[in-house]
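# Descriptive analysis of the structure
The chain contents come next:
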Amino acid sequence: QVQLVESGGGLVQAGGSLRLSCAASGRTFSTADMGWFRQAPGKEREFVASIRWSGRSTYYADSVKGRFSISRDNVKNTVFLQMNSLKPEDTAVYYCTAARFNSGSSYYRPQEYDYWGQGTQVTVSS
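In short, a report on the structure.

Basis of the calculations
- Sequence order as written defines residue numbering, which begins from 1 separately in each chain.
- Under the rules for a predicted model, residues below a pLDDT of 70 receive no local features and side-chain atom pairs below 80 are neither given nor counted, while totals for whole chains, interfaces and linings still include all residues.
- Hydrogens and water molecules were not included; the side-chain quantities draw on all heavy atoms of the structure.
- Only buried Ala, Val, Leu, Ile, Met, Phe, Trp, Tyr and Cys residues count toward a nonpolar core, and they belong to the same one when joined by side-chain atoms within 4.5 Å.
- Partly exposed describes any residue whose relative accessible area lies between the buried limit of under 20% and the exposed limit of over 50%, with all areas from a 1.4 Å probe on protein chains only and scaled to the type maximum.
- Pairs of residues are marked as contacts when any of their non-hydrogen atoms sit within 4.5 Å.
- Planes of paired rings set the category: under 30 degrees apart is stacked, over 60 is edge-to-face and the rest tilted, where pairs are Phe, Tyr or Trp rings (Trp by its six-membered ring) whose centres lie within 6.5 Å.
- In our convention, an over-ring charge means Lys NZ or Arg CZ found within 6 Å of a ring centre and within 35 degrees of that ring's normal.
- Any carboxyl oxygen of Asp or Glu within 4 Å of a side-chain nitrogen of Lys or Arg constitutes a salt bridge here.
- Helix and strand labels come from DSSP, where a helix needs a run of H or I of at least four residues and a strand needs a run of E of at least two; each type is numbered from the N terminus.
- The pairing criterion for strands is at least two bridges between them, as found by DSSP.

Our next topic: the nonpolar core. Residues L4, W36, L81, M83 and Y94 are the most contacted members of the largest nonpolar core, which totals 32 residues. When near neighbours in sequence (up to four residues on either side) are disregarded, M83 contacts G16, S17, L18, L20, R67, F68, Y94 and V122.

This part covers the packing of aromatic side chains. Summed over all chains, the structure comprises seven aromatic pairs. Here the guanidinium or amino end of R45 rests over the ring plane of Y95, the centre of that ring lying 4.2 Å away.

Further remarks concern the pattern of salt bridges. One pass over the structure, following the stated rule, counts seven salt bridges. Two residues, R38 and D90, come together in a salt bridge whose shortest N-O distance is 2.9 Å. You can see R38 sitting in strand β4 (residues 34-39) and its partner D90 sitting in the loop between β8 (78-83) and β9 (92-98), a full 52 residues away along the chain. Both residues of the pair, R38 and D90, count as buried.

Of the two faces of strand β11 (residues 120-125), the one holding T120, V122 and V124 is buried and the one holding Q121, T123 and S125 is not buried anywhere. Across four bridges, the pairing between strand β2 (residues 10-13) and β11 is parallel. Counterpart to L11 in the pairing with β11 is T123. Examined bridge by bridge, β9 and β11 share three bridges and lie antiparallel to one another. Bridging from a neighbouring strand, V93 pairs with Q121 of β11.

Right, here's the structure in full:
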């Protein structure tokens, strides 16, 4: 079992920045791909970004390309999401996730991931 705990969410003005962190504990050797999804009220869970175990490959939703950056520190078992130029449309609960195995070309599918954090609220005011 793997436990994921997000931190760093909060309230920020449009144009500002936030850095989310996700600390993994438990059987961290079982984590391969890791990523971030978000869900706004009344909407489906949306892929934001993902990263391979090596960190060499990263993927982003079109809506956040150029603004968000995902990274990971495997020594500290932590994945980060740096969010810049935030917009009110970014307001959502952000969830950290991890897959036991490489998700291949399906990194954008929630079904490919095995472990989820409790979520952290990000609110961007206009």
